[in-house]
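Here are the chains, one letter per residue:
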Amino acid sequence: MPDRAERAAPSPRLDERAQSLYGWVVRSGHMEAAYVGTAATELGLEPAHCQDALDTLAALHLLRPHEEHPDRLVPVSPEAATAQLLGAEEAELRAAEAAIRDRQARLDQLKADLSTLSPLYLDGRDRTAGAFQLLEDMHMVRAALSDAVANCTLEVLAIQPGGGHPEAALYESLARDTAMLNRGVRLRSIYQHLTRFHQPTRSYADVILAAGAEIRTRAEVPSQMIIVDRLTAFVPARLETGGALVVREPSMVAFLIKLFDNEWGQAVPFATGPAAARTVSEAVKHTIATLLADGVKDDVIARRLGMSTRTCRRHIAELLEQLGAQSRFQAGALAERLGLTTPDRPLDTTEPDDGADAPATA
């Protein structure tokens, strides 16, 4: 029996020359070394090519030695050649498939056995966790959040700051969120405007929006927050390890829901077309103008808007140019005078015709 290395070696291809020679041998009844030249002439092949074809047929078990005349080759049916060539390998493959099925069955049984402990875990956790629970690192947060989302039945509310989210985190969330939406759980998320221009976040949003999620954006959002079933809230903890505070106290959760609803009411639906891009660009400029008027530093503005400091400074430079300002302070003053710090006002730098002189430069 050929060993595994031999079976793994690629078989020669049954090309047109080999097919022609196989037909010639079937018609002739057998093949001998002395017949190679004759076969080549009758088939219009070079003797070397005819020999290559003969070797191919032998390797594919389409020719075998005659029992009484070993130097003579006789044809073998394609079915018999296939059984001889692939029989052992197919048997090994079927055995491997059976082993995989057995292993999957064991894993499914283990999963089913462990799932019977979920009610005990949830009951014990709810009895011991209390109104507030500190999760000290991001691994504990991910485990607790995944558990809460997997068992939610009503709604998940989320505020996610940042101009774009890490691809690994988006990939991890995608299966969890789509499964939740398929169960009929409502998902409402608030992102920052700049996520509309971050391709991985846009791709994630396209999938969950199609599954029934609702997403809105704002130029600036408060801190990250996730509320599950209006019973449990996750908010960041002031820890360098990326921990979180789990809040179950009803009054505090109700306050956080009210905060979310206020943000939701001021946010705009997620969209990525040209009109949406213009809308969010205007909103970002309004927010920058407001923060400039308040004297906020560039790096703080960048952090609050979810963008890099370099990008923020480019926006500020464009705003100064539009306003004709020579400094950040002057830009803030002009923006406030022109009403540009009012979010609903279009970004139009034309002075109102009220007879007043142009503002003095600061």
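Residues numbered from 1 in each chain as written. Predicted model: local features only at pLDDT ≥ 70, side-chain atom pairs only at ≥ 80, totals over all residues. Heavy atoms only, no water.

1. What about the pattern of salt bridges?
Defined as follows: Between Lys or Arg on one side and Asp or Glu on the other, a salt bridge is scored when a side-chain nitrogen of the former is within 4 Å of a carboxyl oxygen of the latter. Each helix is a run of H or I in the DSSP string that is no shorter than four residues. Each strand is a run of E no shorter than two, and both are numbered from the N terminus. Residue burial is assigned from relative accessible area. The probe radius is 1.4 Å, only protein chains are included, and a residue is buried under 20% of its type maximum, exposed over 50%, and partly exposed in between.
For the structure shown, the criterion picks out eight salt bridges. Note that E155 and R188 form a salt bridge whose closest N and O atoms lie 3.3 Å from each other. With a gap of 33 residues between them, E155 in strand β4 (residues 155-160) and R188 in strand β5 (residues 186-192) connect regions that are remote in the sequence. For E155, a relative accessible area of 6% gives the class buried. Residue E214 is joined to R186 by a salt bridge in which the shortest nitrogen-to-oxygen separation is 2.7 Å. Of this pair, E214 sits in strand β6 (residues 214-218) while R186 is found in strand β5, placing the two residues 28 residues apart along the sequence. Residue classification places E214 among the partly exposed positions, given a relative accessible area of 27%.

2. With respect to unusual backbone geometry
Positive phi outside glycine occurs at H61, with the angle close to 60 degrees. Judged by its relative accessible area of 26%, H61 is partly exposed.

3. Focus on the sheet that holds strand β9 (residues 244-247)
Rules: Strands pair, by our definition, only if DSSP identifies at least two bridges between them.
If you walk across this open sheet you meet the eight strands as β3-β9-β8-β7-β4-β5-β6-β10, and the pairing is mixed. Each of the sheet's edge strands pairs with one partner strand only, and the pair in question is β3 (132-135) and β10 (268-269). Bridge count for β3 against β9 is four bridges, and the pairing is antiparallel. Across the sheet, residue F132 finds its bridge partner in β9, namely V247.

4. Here's the deal with a nonpolar patch on the surface
The condition that has to hold: A patch consists of residues whose relative accessible area exceeds 30% and which take part in no salt bridge; residues with like charges are grouped when within 9 Å of each other, and nonpolar side chains (Val, Leu, Ile, Met, Phe, Trp, Tyr) when within 5 Å. We get accessible surface area from the Shrake-Rupley algorithm with a probe of 1.4 Å; when it comes to residues, only the shown protein chains can shield them.
A surface patch of nonpolar side chains, about 410 Å² in accessible area, is lined by L110, L114, L117 and L120. Mapping L110 onto the fold places it in helix α5 (residues 78-115).

5. Observations concerning the environment of D55
For D55, the position within the fold is in helix α4 (residues 47-59). When the C-alpha atoms of D55 and P12 are compared, they prove to be 9.2 Å apart, with 43 residues separating the residues in sequence.

6. Digging into the side chain of T56
Operational definition: The contact definition used throughout considers only heavy atoms, calling two residues in contact when any of these lie within 4.5 Å.
Looking at where T56 falls in the secondary structure, it is placed in helix α4. Dropping the residues within four chain positions of it, T56 is found in contact with P12, R13 and A18.

7. Re the pairing of β5
The line we're drawing: If you view a crossover with the strands going away from you and the path from the first strand over the helix to the second runs clockwise, you call it right-handed.
By the criterion of burial, β5 is predominantly enclosed, with six of the seven residues buried. Where β4 and β5 come together, six bridges link them in parallel fashion. Bridging across to β5, I159 finds its partner in I190. Handedness of the β-α-β unit built from β4, helix α8 (residues 167-182) and β5 comes out right-handed. With five bridges joining them, β5 and β6 adopt parallel strand pairing.

8. Side note on the side chain of D177
Definition in use: The term polar contact refers here to a pair of N or O atoms within 3.5 Å; inside protein, the definition further demands a hydrogen-donor-capable atom paired with an acceptor-capable atom, and it admits residues adjacent in sequence only when both atoms are side-chain atoms.
Along the chain, D177 falls in helix α8. One polar contact links D177 to R176, side chain to side chain, over a distance of 3.5 Å. Beyond its immediate sequence surroundings of up to four residues, D177 is in contact with L187, Y204 and I208.

9. Let's talk about the environment of V284
If you trace the backbone, V284 turns up in helix α11 (residues 274-293). Residue classification places V284 among the buried positions, given a relative accessible area of 5%. For V284 and L305, which are 21 residues apart along the polypeptide, the C-alpha to C-alpha distance reads 7.8 Å. The residues contacting V284, other than those within four sequence positions of it, are H193, A219, L305 and M307.

10. Details of the nonpolar core
In plain terms, the rule: In plain words, nonpolar cores are sets of buried Ala, Val, Leu, Ile, Met, Phe, Trp, Tyr and Cys residues tied together by side-chain atoms within 4.5 Å.
Of all hydrophobic cores here, the largest spans 25 residues; its most connected members are V156, M180, L187, I208, I226, V228 and F234. Contributions of two or more residues to this core are made by α7 (138-150), β4, α8, β5, α9 (199-210), β7 (225-228) and β9. Counting residues per element, this core draws most heavily on α7, which supplies four residues. When neighbours within four sequence positions are excluded, V228 is seen to be in contact with A148, C152, E155, V156 and F234. M31, L57, L63 and L73 belong to the second-largest nonpolar core, a separate cluster that totals 20 residues.

11. With respect to helix α10 (residues 250-266)
As a reminder, the rule being used: How far a helix is expected to stretch is found by multiplying one less than its residue total by 1.5 Å. This arc is taken over the directions from the axis of the helix to the C-beta atoms.
In this model, α10 (17 residues) spans 25 Å end to end at C-alpha, consistent with the 24 Å of a helix rising 1.5 Å per residue. Every buried residue of α10 is listed here: V253, L256, I257, F260, E263 and W264. Relative to the axis of α10, the buried residues are bounded by an arc of 125 degrees and lie together on one face. Pointing more than 90 degrees away from the buried face of α10 are the exposed residues S251, F255, K258 and G265.

12. With respect to the packing of helix α2 (residues 16-28) against α4
Cut-off, in case you're wondering: An axis is simply a line fitted to the C-alpha atoms; with a helix, the fit covers only the stretch in contact. Between two such axes, the angle follows the N-to-C directions and lies from 0 to 180 degrees. Oblique is the label for any angle not under 35 degrees, not over 145, and not in the 65 to 115 range, which are roughly parallel, roughly antiparallel and roughly perpendicular in turn. The residue classification treats Ala, Val, Leu, Ile, Met, Phe, Trp, Tyr, Cys and Pro as nonpolar and Asp, Glu, Lys and Arg as charged. All others, Gly included, are polar.
Closest axis-to-axis distance for the α2/α4 pair is 8 Å, and the angle between their directions is 80 degrees. For the element pair α2 / α4, the angle class is roughly perpendicular. Note on element contacts: α4 touches α2 through H49, C50, A53, L54, T56 and L57, opposite R17, A18, L21 and Y22. Considered class by class, the residues forming the contact of α2 with α4 number seven nonpolar, two polar and one charged.

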